[in-house]
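Summary of the model geometry
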Amino acid sequence: MGSWILRKAVASVALVGTIGLWAAKVDAQERKPDLVLKGTITEANRESYVEVPFTVPAGVVRVSVDFHYTGHEKKATIDLGLLDNERFRGWSGGNKSAFTVSANDATPSYVPGPVKAGVWKLLLGVPSMPAGVNSEYVAKVYFGRAGERIGASTFGAEAVPGPVRSGPGWFRGDLHMHDAHSDGSCTSEGGKKVPCPLFKTVEAARARGLDFIAITDHNTVSHFNEVRELAPYFDRMLFIPGREITTFQGHANVFGATEFMDFRLTSKYVPTFDDLLNEVEKENTLISINHPGSPTGAECMGCGWSVKNTDFKRVHVIEAVNGGSLDGPQSGIPFWQKRLNEGFRETAIGGSDNHNASYDPQHESAIGKPTTVVYAENLSEEAVLKAIRAGHVFVDVQGSRDRSIEFTATVGGQKAMMGDVVKAGAGTKVHFVLAMTNLAGAHIEEVMDGVAKPLGDVVKDASETRQFDETSDGKRHWIAVNVRGQDGHLLILGNPVYLNF
Ligand SMILES: [Zn+2]
Ligand SMILES: [Zn+2]
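Predicted model only: the values in this text are computed from it and were never measured.

With that out of the way, let us pick up the sheet that holds strand 16 (residues 250-255). Spatially, the five strands line up as an open sheet ordered 15-16-17-18-19, and their pairing is mixed. Looking along the sheet, the strands with just one partner apiece sit at the ends: strand 15 (242-247) and strand 19 (347-351). Put simply, the sheet's adjacent strands are angled 35° from each other on average, direction ignored. Judged from the five bridges that link them, strand 18 (residues 317-322) and strand 19 form a sheet pairing that is parallel. From the neighbouring strand, Glu319 faces strand 19, where its bridge partner is Ile349. Contacts from helix 3 (residues 273-282) reach strand 15, strand 16 and strand 17 (286-289), with the element oriented near 140° to strand 17. Docked against the sheet, helix 5 (residues 381-390) engages strand 16, strand 17, strand 18 and strand 19, running at close to 125° with respect to strand 19.

Structural data, given as structure tokens:
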């Protein structure tokens, strides 16, 4: 089916880029504590408070403590609290052995607020310490810094959380939702329209069977504290920190940071989009341009993308499918494809943009419609964001729970998956394989550089594979596959394999 101009064959064939499917799997590594505080509590300390000072250096934005002591079996009890260099930061008594405090979120029992350098104190209360018992305590202290990914989940239950699920796989999620912390609303017990509590959205996402979510309230960071409280309960689902930077010139989700980020684009604080991107890079986060095909103006403030001279090299992701438009006339897909044709490798994702905590698929913008499906090394924040950045992603546009594709390219005995780059000199044959699940009755199209053409007949079986070849002309191309239902509506939007990018 080759459609490129066939040139003289050259021998050089190379493969570059990450190959997620075949890369060695490495779960988040054990993190070393920044400080280890040790001591002994004896009967002399009974019914008193022991202060254990430690120094928080400048540049720290998050303090996590993991506390253990010996002598439980002899009825030794040590309660736990925290003072920062100025004030009381919380008391968990004997109910938690690990906690985190940061500017905008803290483990329940603790108070979010500025993390200032200086001498902080662990506060140890001793309600019970029988005579003759020496209780040895160890407090591991971890400092988080701006832009640091801690490896598993910012909101995990422990000071050093592991992945929500180990091992590589395809994970399904929704990366765009609103609740009471911005303009989400639902019906109260008494029948009124009220700001919709965040837990309703999270319950719905879980009932919908999603593996990961990002709650993306407009501009604020107030939702992170509640997410930290919910994450240990909903411990089969990964919570990715998110917010929707909402400006007069466009909306963009930022994934992976919990620090405040100034959204006042064109003000003296954030004069240009490049200044906003500087913030994004400082925090080591992903930025996604949202619903770029929407109208903009009085009808919907900044909904379409109108930033002049956007530096797309610094933009990682485009929300090509938004729950409000899917593949309709306001789709973001043409905007995304234009970027690819310009030579940028932006990953296409989807987001429901849900505002009412409903996952009923009959509703527009139901949670999980669309679903972003990601091939990651494990179900952790670091791995999922890395996989999105790498483009190891397809969008399940209608939000089924089980439709899937795997699209790979082979050159010279090596393989690449969606999002990867293949170098193929002129005349080199590139072999593509498309494996599909639960797409019987659908039509497939191959999309090269934005131009779609049918790929074979209607899909007949629940599990089906198609193969085709293209011969490289040595130039830059991108090749993706989309799947459509019998009525022509898009079911699956695939990210491309990139040739010679
Ligand atoms: Zn928006
Ligand atoms: Zn939104």
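What follows covers the packing of aromatic side chains. Using the criterion set out here, one finds 17 aromatic pairs in the structure. Centroid distance Phe99 to Tyr110: 3.9 Å. Interplanar angle 10°. Geometry classified as stacked. Separated by 11 residues along the polypeptide, Phe99 in strand 7 (residues 98-102) and Tyr110 in the loop between strand 7 and strand 8 (118-128) bring together distant segments of the chain. You can call Phe99 buried: its relative accessible area is 1%. What makes Tyr110 buried here is its relative accessible area of 5%. Here the aromatic rings of Trp170 and Tyr375 are separated by 5.3 Å at their centres, their planes lie at 65°, and the arrangement is edge-to-face.

Another point: the coordination of the zinc ion (ligand 1). Six octahedrally arranged donors around a metal ideally form angles of 90 or 180 degrees; four tetrahedrally arranged donors ideally form angles of 109.5 degrees. Donor atoms from the polypeptide that bind the zinc ion (ligand 1) are Glu244 (OE), His251 (ND1) and His291 (NE2), placed at 2.0 to 2.2 Å. Ordering the donors of the zinc ion (ligand 1) by residue number gives the pattern E-x6-H-x39-H. A gap of 3.5 Å separates the zinc ion (ligand 1) and the zinc ion (ligand 2), which Glu244 links by coordinating each metal. When its relative accessible area of 0% is taken as the criterion, Glu244 is described as buried.

Inspection of the secondary structure puts Trp170 in strand 10 (residues 169-174). Trp170 sits 205 residues away from Tyr375 along the chain, and the two C-alpha atoms are 4.3 Å apart. Contact partners of Trp170, with chain neighbours within four places excluded, come to Asp211, Val373, Val374, Tyr375, His392, Phe394, Ile405, Glu406, Met417 and Met418. A polar contact is formed between the side chain of Trp170 and the side chain of Glu406, at a distance of 3.5 Å.

The calculated volume of the largest pocket comes to roughly 360 Å³. Contributing to the lining of the largest pocket are 19 residues, with His291, Cys300, Cys303, Asn322 and Asp353 lying nearest its centre. Among the residues forming the lining of the largest pocket, the class breakdown is three nonpolar, 11 polar and five charged.

Reading guide: rules and limits
All residue numbers refer to position in the chain's written sequence, counted from 1. Lettering for chains starts from A, numbering for ligands starts from 1, and both go in the order in which the items are written. It should be noted that, the model being predicted, local features are given only for residues of pLDDT at least 70 and side-chain atom pairs only at 80 or more, the latter also being counted only at that level, while totals for whole chains, interfaces and linings use all residues. In computing side-chain properties, one takes all heavy atoms of the structure into account and sets aside hydrogens as well as water. Pairing between strands requires that DSSP locate at least two bridges from one strand to the other. Numbering of helices and strands runs from the N terminus, with a helix taken as a DSSP run of H or I at least four residues long and a strand as a DSSP run of E at least two residues long. The axes are straight lines fitted to the C-alpha atoms, using for helices just the contacting stretch, and the angles between their N-to-C directions are given from 0 to 180°. Contacts were defined at the residue level, with two residues in contact if any of their heavy atoms lie within 4.5 Å. Only Phe, Tyr and Trp rings are paired, with Trp represented by its six-membered ring, and only when their centres lie within 6.5 Å; those with planes under 30 degrees apart are stacked, over 60 edge-to-face, the remainder tilted. Burial here depends on accessible area, computed with a 1.4 Å probe over protein chains only, as a share of the maximum for the residue type. Under 20% is buried, over 50% is exposed, and the range in between is partly exposed. Only N, O and S atoms count as donors, using a 2.8 Å cut-off from the metal and 3.2 Å for Na, K and Ca, and because water is excluded some sites may appear unfinished. Polar contacts, as counted here, are pairs of nitrogen or oxygen atoms within 3.5 Å of one another; within protein the pair requires one atom able to donate a hydrogen and one able to accept it, and residues that are adjacent in sequence qualify only if both atoms are side-chain atoms. Throughout, the protein atoms alone are placed on a 1 Å grid, and a set of points is a cavity if a 1.4 Å probe fits but cannot get out or a pocket if it is open with protein on both sides within 12 Å along at least five of seven lines; lining residues have an atom within 4 Å of a point. Grid points are joined across faces, edges and corners, and a volume is the space filled by probe spheres set on the points. Amino acid classes used here: Ala, Val, Leu, Ile, Met, Phe, Trp, Tyr, Cys and Pro are nonpolar; Asp, Glu, Lys and Arg are charged; the rest, including Gly, are polar.

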